[in-house]
Amino acid sequence: MDKEFQQKLAQIMKENDWHLGIGDVSNATGVSQTKLRYWERKGYIESTQGKGQNRKFTYSMLMKVYQMKLLLDQGYTLAVAAQKAESKSHELKLLKQVLFDRFEGMAEIDGHPAVNLGFLDDREDSLLYAVVKKDGTKFKVVPVKK
C-alpha cells in the first residue's frame, strides 16, 4: 500500500464513520429495536435521524450497544451498563486514534504479517512492528539500515 493511499484512507477513516440502520444494529447485537429506541430516549445511546429518515447508528454506537448488552447479561443495571460501556467506547476511540496516528504500512517479519507502527523514537534508527502470530501479537523493534 503506497504512502499517499494510506494517508488518504486514514483521513477518510478519521473524518467519517459508517452508519447502520436500527435493524442492522438489532441483528448484530441481539438487542430489540424497541429496546434500542428506549435506550435512545433515555440518553444512553444516540443516532442521527434526518427529517423523514430512519435512525442511523455509527459503528462506535454499535459497539457500545453490544457492550451494554453483555453487561446487562452479567446482571448490571441499565444505567451502570451504559456508564461502563461509555468508558469502554472512550478506550476504543483512543485505540483507533493510536492506530491511525502510527500506521505506516504492512510488512512480513519472520514469515508472519506485521503492522509497521513507524519509528520507535526521534532518532529514527529503529522501527516498531506489531507481529501477528496465531498465539497472539508480539512487538519487534527492527533497526533501520542507513
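Residues numbered from 1 in each chain as written. Predicted model: local features only at pLDDT ≥ 70, side-chain atom pairs only at ≥ 80, totals over all residues. Heavy atoms only, no water.

Peer 1: I'd like a rundown of unusual backbone geometry, residues and numbers included.
Peer 2: Although it is not a glycine, Asp 110 adopts a positive phi angle of roughly 50°. Within the secondary structure layout, Asp 110 lies in the loop between strand 3 (105–109) and strand 4 (112–119). In this structure Asp 110 comes out as exposed when scored by relative accessible area, which is 60%. Notably, Glu 124 is not glycine yet its phi reads approximately 55°, a positive angle. In this fold, Glu 124 is placed in the loop between strand 4 and strand 5 (126–133). (Helix = DSSP H or I, 4+ residues; strand = E, 2+ residues; numbered from the N terminus. Buried < 20%, exposed > 50% of the residue type's maximum accessible area, 1.4 Å probe, protein only.)

Peer 1: Quick one: what's the story with the pattern of salt bridges, residue by residue and with numbers?
Peer 2: Taken as a whole and judged by the stated rule, the model has seven salt bridges. Its salt-bridge partner being Lys 64, residue Glu 86 comes within 2.7 Å of it at the nearest N-O pair. Here the residue Glu 86 occupies a position in helix 5 (residues 78–102), and Lys 64 occupies one in helix 4 (residues 59–73), the gap between them amounting to 22 residues. Its relative accessible area of 37% is what places Glu 86 among the partly exposed residues. The salt bridge partner of Asp 110 is Lys 140, with a shortest N-O separation of 3.0 Å. Pair noted here: Asp 110 is in the loop between strand 3 and strand 4 and Lys 140 is in strand 6 (residues 136–143), with a separation of 30 residues, a long-range link. (Salt bridge = Lys/Arg side-chain N within 4 Å of Asp/Glu carboxyl O.)

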